[in-house]
Amino acid sequence: MIQHLDVDGVPTLLAPTGGPMHAGLTFRVGTADETLARAGITHLIEHLALAPLGLADYHINGMTAPAYTMFHTQGSEADIAAFLTAVCAHLQDLPLARLEVEKEILRTEWSSRGAAAIDDIPLWRHGARDFGLTSYPEWGLGALTADDLREWAARWFTRENAVLWIAGERVPAGLRLALPAGVRQPVPVASSALPQTPAYFVSGSRAVVLDSVVRRSTAANIFSGVLERELYRSLRQDAGLSYTTTTGYEPRGDGYASLRALADALAEKQDAVLGGFIDVLAKMRVGRIEQADLDATVAKREDFLGIAEVDAARLPSYALNVLTGQPNSTIDEHRAELKAVNLTDLHEVAGEMMASALLMVPGGHRADWAGFVAAPTHSADTVDGTTYRAKQGAGGLRVGTDGVTYLNPSGPLTVRYDSCSAMLAWPDGARQLIGADAIVLHIEPTMLELPPGTIQAIDAAVPSDRHVTMPARTPEQIPQPKPIAHQEEPAGRSWWEIPVMVLSSLGTLLMGGFCLLLTIGMFAADSSPDDNWFWGVIAVGWLLTVILALPIVLLNRRRR
């Protein structure tokens, strides 16, 4: 059983384990509590708290998630006591001498992480705020100061905002959690950037991914397992279209949970995978759910509840429930909940899933044919203000008193100053404004006809705490208008051309007029066969006329 204790004012959970002793200290703070312009502050504090420990002889680790931050260790009682005591001490007195070093380490960590198929889903669902921030780089690192870190740690890393959990026989001797007093912080309210669901967006990934928000429940947890079985059977076993078909169910801490499903595809099979994926969703939506899949999923969950280490394995999620105020069930209660789930419950979850669905489809594909609306890629409105034309192509920038709009032929992009999550600023004057709805507006002064002071006016209008200074760009990275191809001016005439053209014109007129008179006269007179020689003279005359006219034609063509 899981015991509830108290260590230095920190709620503590203790469960027995037959394996190595391990423990974790979880705080109710994560990336969802940050702003885009200061993104990375929690992760940076986590790194600073661990940095002085160096390379330990036992397992130590830390992680920053959207709603929590956890420090974890495995080792002897003495090792665990030393680790957690040191972490709390470092949180109280951050080793700021390593501030710049740890910033560089975090930048390297971000640049070296591989792209995952689901990376962009948070920003499409939530925008550039709270739970959407995991899709963005940690742009706030550069501007963070020692005072910023101290204030953040004092607010969030407190004993009231923490839960300690230990898988072992006892609380390690000598453990001290020297944390300041504070308050339990609620989970941030999840925002939405989707005006309508079910929706879809196009991604460069070859996978098809579904993201939905459902009420947290045992039935929803079971449904994720049932959906995974159906996707595996339909797309891998029967059709041979996908290799990976998986689902996930993750409580958010606010009474709701994210329910996701993924199926990968070869480039030439994307149409078939998308169609088969949507067919599975439609099948679940109308209640065509197999009892055998429900029974198999429940049995799998019951098997987990029957292992000897079940309480120790539940400690991390149990601690998070304590932090977020969500209920925790006993093993017996959980078994009863599993047995109570029926097909009607799963059908209801399927309806919730489809009502909130966000579908990611591969590039070049659509899902409107299946009832999904395209997630917005442009703004619905524009600001009032002065419009400055682009130096090349259509469009331009409209600058108003309450925001800016980039007028694209494909649709406007509007970011209002009061809803600007961050403004990236380059030394050369370029600006990138990111709205809370994830709309991105890029301003390149070299490509726009902007009067002096325009960029400075925008800087002054965007709240200063949302400015992010970016490193200088090389000249090659700064876009420039393409040079306009000018027609060459016609060359001036040579001194001899005009006399030649005059003589050619006179000769052509005289010879042509003479030949014309002869020709008319021959047609008017009754000619005999003896006059054939005269026709020959006329023909030669017309030939000379053409020759005399050639200089005019050739000289005009030369000038063109």
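S.K.: It is not clear to me how the pairing of strand β8 (residues 208-215) should be interpreted in this structure. Could you clarify?
M.R.: Every regular strand shows the same layout, with side chains that alternate between the two sheet faces. Burial of β8 is extensive: 7 of the 8 residues sit out of reach of the surface. Inspection of the sheet shows β8 paired to strand β10 (residues 256-263) by 8 bridges, in the antiparallel sense. Looking at β10, one finds that V213 is bridged to S258. Bridge count between β8 and strand β11 (residues 358-362): 3 bridges; the pairing is antiparallel. Its bridge partner lying in β11, V209 is registered against M360.

S.K.: Sorry, what's going on with the sheet that holds strand β16 (residues 411-416) here?
M.R.: Two strands in a sheet stick together by hydrogen bonds in their backbones, pointing the same way (parallel) or opposite ways (antiparallel). One open sheet accounts for 4 strands, arranged β13-β14-β15-β16; its pairing is antiparallel. Only two strands of the sheet have a single neighbouring strand rather than two, namely β13 (385-389) and β16. Adjacent strand axes in the sheet meet at a mean angle of 20°, parallel and antiparallel pairs treated alike. In the sheet, β13 pairs with strand β14 (residues 396-400) via 5 bridges, with the strands oriented antiparallel. By the bridge assignment, T387 is partnered in β14 with R398.

S.K.: Would you mind going over the nonpolar core with me for this structure?
M.R.: Counting residues in hydrophobic clusters, the biggest one holds 44 residues, and the most contacted among them are F223, L227, F277, M353 and L359. Among the elements of the structure, β8, α6 (218-238), β10, α7 (270-285), α8 (291-305), α10 (331-340), α11 (343-355) and β11 are those that each provide at least two residues to this core. No other element matches the 8 residues that α6 contributes to this core. Judged by nonpolar contacts, the second largest core, of 39 residues, contains L48, A81, L84 and W156.

S.K.: Got a minute to help me understand the sheet that holds β11 in this structure?
M.R.: What the 6 strands build is an open sheet, ordered β9-β10-β8-β11-β7-β12; its pairing is mixed. The two strands at the open ends of the sheet, each matched to only one other strand, are β9 (245-251) and β12 (373-374). Against the sheet, α6 touches β8, β9 and β10, its axis set at about 170° to β9.

S.K.: Got a minute to help me understand the confidence of the model for the protein chain in this structure?
M.R.: As a general rule, the predicted coordinates of low-pLDDT regions are not to be interpreted in detail. For the protein chain, mean pLDDT is 91; residues scoring 70 or higher make up 95% of the total. When the elements of the protein chain are averaged for pLDDT, helix α14 (residues 532-559) gives the smallest value, 75, and strand β6 (residues 162-167) the largest, 98.

S.K.: What am I meant to see in the pattern of salt bridges here?
M.R.: All told, the structure shown has 27 salt bridges when counted by the stated rule. In this structure, the salt-bridge partner of E230 is R233, at a minimum N-O distance of 2.6 Å. In this pair, E230 and R233 both sit in helix α6, 3 residues apart, roughly one turn of the helix. Accessibility expressed as a relative area gives 4% for E230, which makes it buried. As a salt-bridge pair, D254 and R252 come within 2.9 Å of each other at their nearest N and O atoms. Shared partners join several salt bridges into a network, and the residues in it are R229, E230, R233, K283 and D293.

S.K.: Whenever I open this one, the pairing of β14 confuses me. Can you help?
M.R.: Of all 5 residues that make up β14, 4 are buried, and the element is covered over most of its length. Between the end of β13 and the start of β14, which pair antiparallel, lie 6 residues, with G393 showing a positive phi angle near 75°. Here 4 bridges tie β14 to strand β15 (residues 403-408), and the two strands are oriented antiparallel to one another. In the strand pairing of β15, R398 is matched with T405. With antiparallel pairing between neighbouring strands as the criterion, β14 and β15 make up a hairpin whose turn holds 2 residues.

S.K.: Could you clarify how one ought to interpret α11 in this entry?
M.R.: An α-helical turn contains 3.6 residues, so a residue and the one three or four places further along point in the same direction. Between its first and last C-alpha, α11 extends 18 Å over 13 residues, near the 18 Å set by a 1.5 Å rise per residue. Those residues of α11 that are buried are in contact with β8, α6, β10, α7 and α8. The opening residue of α11, the one whose side-chain oxygen lies 3.1 Å from the backbone nitrogen of T344, is N342.

S.K.: Could you clarify how one ought to interpret a nonpolar patch on the surface in this entry?
M.R.: Together, V540, L543, L544, V546, I547, L550 and L554 give the surface a local cluster of nonpolar side chains, amounting to about 630 Å² of exposed area. With respect to the helices, strands and loops of the structure, L554 is situated in helix α14.

Definitions and limits used
Residue positions are counted from 1 within each chain, in the order its sequence is given. Owing to the predicted nature of the model, reporting of local features is limited to residues with pLDDT of at least 70; listing and counting of side-chain atom pairs is limited to 80 or more, with chain, interface and lining totals taken over all residues. Hydrogens are left out, water is left out, and the side-chain values use all remaining heavy atoms of the structure. Under the scheme applied here, a residue whose accessible area is under 20% of the maximum for its type counts as buried, over 50% as exposed, and between as partly exposed, the area being computed with a 1.4 Å probe on protein chains only. Only DSSP runs of H or I with at least four residues qualify as helices, and only runs of E with at least two residues qualify as strands; both kinds are numbered from the N terminus onward. Any two strands with at least two DSSP-identified bridges between them are counted as paired. Axis definition: a line fit to C-alpha positions, over the contact stretch in the case of helices; interaxial angles, taken between N-to-C directions, run 0 to 180 degrees. Each nonpolar core is a collection of buried residues, namely Ala, Val, Leu, Ile, Met, Phe, Trp, Tyr and Cys, held together in the definition by side-chain atoms within 4.5 Å. Whether two residues are in contact is decided by their heavy atoms, any of which lying within 4.5 Å being enough. The predictor attaches a confidence to each residue, called pLDDT, with possible values from 0 through 100. Each salt bridge in this description consists of a side-chain nitrogen of Lys or Arg and a carboxyl oxygen of Asp or Glu lying within 4 Å of one another. Helix span, expected: 1.5 Å multiplied by one less than the number of residues in the helix. Within 3.5 Å is the distance limit for a polar contact, defined as a pair of N or O atoms, with the added protein rule that one can donate a hydrogen and the other accept it, and that residues adjacent in sequence qualify only through two side-chain atoms. Only residues whose relative accessible area exceeds 30% and that form no salt bridge enter a patch; like-charged residues are grouped when within 9 Å of one another, and nonpolar side chains (Val, Leu, Ile, Met, Phe, Trp, Tyr) when within 5 Å. Note on areas: these come from Shrake-Rupley sampling with a 1.4 Å probe, and a residue is covered only by the protein chains present in the view.

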